[in-house]
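# Inside the fold
Single-letter residue listing:
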Amino acid sequence: MPLKAITANRLREGDVVYLTESGLWSNWLNQACASEDETVQQDLLQRAEADVAARKIVAPYLIDLIEVDGILQPLSTRENIRAAGPTVRADYRNVPLVA
Amino acid sequence: MYRYDEFDHAFVQQRVAQFRGQVERRLAGELSEDEFKPLRLMNGLYLQLHAYMLRVAVPYGTLSSKQMRRLARIARDYDRGYGHFTTRQNIQYNWPKLAEVPDLLAELAEVEMHAIQTSGNCIRNVTADHFAGASADEIEDPRIYAEIIRQWSSLHPEFSFLPRKFKIAVTGAPNDRAAVRFHDIGLQIRRNEAGEVGFEVIVGGGQGRTPVIGVTIRKFLPKAHLLSYLEAILRVYNQLGRRDNLYKARIKILVQQTGAEVFTRLVEEEWDALKNGALTLPAEEIERIETYFAPPAFETLPAVNPAFEARRFEDRDFARWVRSNVSAHKADGYAIASISLKPEGGAPGDATAEQMEVVAELAEIYSFDEILISHEQNLVLPHVKLSDLPAVWDKLVKHELATPNIGLLTDMIACPGLDYCNLANARSIPVAQRISQRFSDLNRQHEIGDLKIKISGCINACGHHHVGHIGILGVDKKGEEFYQITLGGSADENAAVGKIVGPAFSYDDVVDAIDSIVATYLDRRQEDEKFNDTYARIGIAPFKEKLYAAA
Amino acid sequence: MPLLKNGQIIEDTWSNLPESANDDQGGAALDVDLIVSLEQWQSDRDALLKRNGRLGLRLRSDQPPAEIVADLEHFDLIALDFPKFSDGRAYSYARLLRERHGFRGELRAVGNVLRDQLFFMLRCGFDSFEVAGEDSAEAWRGAVAEMSVWYQPTGDGRRPSGVLGGAFGRSRAVAAE
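Throughout what follows, the structure given in this document is the object of discussion.

About the cut-offs
Residues numbered from 1 in each chain as written. Chains lettered and ligands numbered in written order. Predicted model: local features only at pLDDT ≥ 70, side-chain atom pairs only at ≥ 80, totals over all residues. Heavy atoms only, no water. Helix = DSSP H or I, 4+ residues; strand = E, 2+ residues; numbered from the N terminus. Rg over C-alpha atoms; globule rule 2.2 N^0.38 Å. Buried < 20%, exposed > 50% of the residue type's maximum accessible area, 1.4 Å probe, protein only. Contact = heavy atoms within 4.5 Å. Buried area = accessible area lost by both parts, 1.4 Å probe. Salt bridge = Lys/Arg side-chain N within 4 Å of Asp/Glu carboxyl O. Polar contact = N/O pair within 3.5 Å; in protein donor to acceptor, adjacent residues only side chain to side chain. Nonpolar A, V, L, I, M, F, W, Y, C, P; charged D, E, K, R; others polar.

## Some details on the overall build of chain A
- Along the backbone of chain A there are two helices and five strands.
- Reading chain A from its N terminus to its C terminus gives the helix and strand order β-β-β-α-β-β-α.
- For a compact globule of 99 residues, the expected C-alpha radius of gyration is about 13 Å, and chain A comes in at 13 Å, within 12% of that figure.
- Counting only C-alpha atoms and orienting by the principal axes, one finds that chain A spans roughly 40 × 35 × 20 Å.
- Counting over 99 residues, chain A shows a buried share of 43%.
- The long-range share in chain A, meaning contacts at least 24 apart out of those at least 6 apart in sequence, stands at 54%.

## Considerations on the arrangement of the chains
- Interchain contacts are distributed over two pairs of chains, and the most extensive set of them lies between chains B and C.
- Contact between chain A and chain C is absent, and the least distance between their C-alpha atoms amounts to 18 Å.

## Quick look at the environment of B:N305
Residue and element names in this part refer to chain B.
- Its place among the elements puts N305 in the loop between α9 (283–292) and α10 (306–314).
- Taking C-alpha positions, N305 is 6.2 Å from S387, a pair spaced 82 residues apart along the chain.
- Ignoring any residue separated from it by four or fewer positions in sequence, one finds N305 in contact with L386 and S387.

## Some details on the interface of chain B and chain A
- Taken together, the contacts link 30 residues of chain B with 24 residues of chain A.
- For the pair chain B and chain A, the summed buried area comes to about 2,300 Å², and 57% of that belongs to carbon and sulfur atoms.
- Counting across the interface, chain B meets chain A through zero salt bridges.
- The tally of links between chain B and chain A comes to 10 residue pairs in polar contact (both at pLDDT 80 or more).
- Only α1 (6–27), β13 (350–352) and α14 (429–438) of chain B provide two or more residues apiece to the side of chain B that touches chain A.
- Considering each element in turn, the side of chain B that touches chain A owes the most residues, three residues, to α14(B).
- Residues belonging to the side of chain B that touches chain A are distributed by class as follows: 15 nonpolar, seven polar and eight charged.

The structure is reproduced here in structure tokens:
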């Protein structure tokens, strides 16, 4: 299986987040819990759905990643833009809304 | 400008309180996302690629300085310091937080603004000519009727769950700047043979994945019957529009499938039953709304102003700006000044909070406190004295708002595209940025003349690519961004849908392709011939030959 | 399903005739108030008219009331279905029944009826609502009270704000004369 992680948006703030190993949600893709194991991926998705029910996040889904020199990168243009912000102006790039 | 009465105030405030309750229910878990989604959409709140996005209506594109300042404050306090003006005279904020949106809406309500019906399958913000009230070619101010339609369409009990979204545009001038043939309903103010003023009613236009030019179903509708006729159209559509297929649910498909003649008959039959009832507009009510849009107290001025002429003679940059960005006003000694939100390398339609405040100040001092938003994503100061134009320009220059490119190649429409939008297949804004850099030579742009390039990041066509002289449509090919080019479209009174020129171009090659098309045009045009005229005369083949010759 | 009427959750005295029922009317007693589908009405019309109980008609959202205008006098209730909250055809049907065809009986909204739509439904002429159980009658009453301003004249006789306020008053006056 390809390397995958879970992304979603925080319910209250709406910002893009990734599910980490510890079960928290981070704004930084590199802190995401990524796995090639389908069982682990499904487990992550279940944890995410529990957090939907707990009203922490909305719309979770799995994204495809590659790891280059220890850095996680999304495969698709769309997910690259979600991870780093709009490509249109340097000062529009993502800054964390929630520390 | 229209001012809210006590009922309008109560209406928007109650709506804010209602949404506040809905957000509380969502955050408390009483509403699921599936249940909450239609409620937030009815208040203009999307969940986009990066965050929530709030679309605020600018009814018929008209703002006071106070309202523009409030939009700036909201950009600063609730967002990241900028906003995006859209092709439907709305402004979008890209990063508001759900929990704060009720407060944001309350701030809007204080200045008589809202986000009601900027999304959802309902009647959307009614748009109008962006030179309304100022242009010399106007029969009547379309905003009088846009305001009347705004009232009638706000939370309409029968038409809040239509098969699909519904867009209405009104223009009062024969030169169509509101794209009335590309709306679900387009209203063109006309004078009949008896000299009475009424509406030509156009139905079933639209873009999206099936671009259609609207058809006239009534050549002349007396003013008093405006709302009963609209209600008849909407009632036919609400009952018969397709609900089984999202892509066939717009009224244009209903008109096509029933046939324009049958559709017209159904509307007229429904109208016969509604006519002369409670929806009839009393002449004194039309007059009452008209007074809100009465022309400001223009001074009696000579048509020529020496100081303005002198500056134009001395200052080539100013003269160039006047040539592209200043239009004829109906009053002598005044002009319409367009403010370009398309600087070289910029994101079309974006304005920072500081820029909004500068425009608010200029409007307050020089334009009777009035600002208009164009569907081409620019701002307009509608009533500037010729003698004030130099001062206005000087200030605009300081804030990167004086790009002299209105109507020219780099005055592109671009949707937010894959940089912001959940639906997009490809980026739009960076393509616009690269084109504007390639054609940054302003003298060359002025030499090329009027040329409309419009860019959409997906088939939904929010960037109006179908009606660009040159249209660019972003598509996804196996995970890569590609761009399909169309030629010959037009949104004005010569409405036309562009034709695909050939295979799509990669992100890297698309700017060269535009360059090639422009080169063919310059090479083949006769004297001052417009792009679409050259295209009509020589056809698509010469463009194609040059574009694909190297391949 | 709980039934909401006049701001109260009340007991529903009507029964639906089961779809599988044939000419014995599903065993329903002759004096029970019975709601039938359009198909049942069309196939069993004579038998249904012989009953003592009141008769109601249930229409799907793809069954415009124009089809049964001539039969309206036989029905004390018409139930209009919202298969999904987003299918808004029945709003038009309700107004046509009330405002054009003069239906004065109970107009019931059934199906996916949500609290946030109640206001629209009331204004279109519905006066009873088959609702899901989660919300209290108080919550429903609150939903109706959220908006006190509207711009459209409808058959509910309430005066709108804005440009049609004056016109509405006059046309009512003319109609009353």
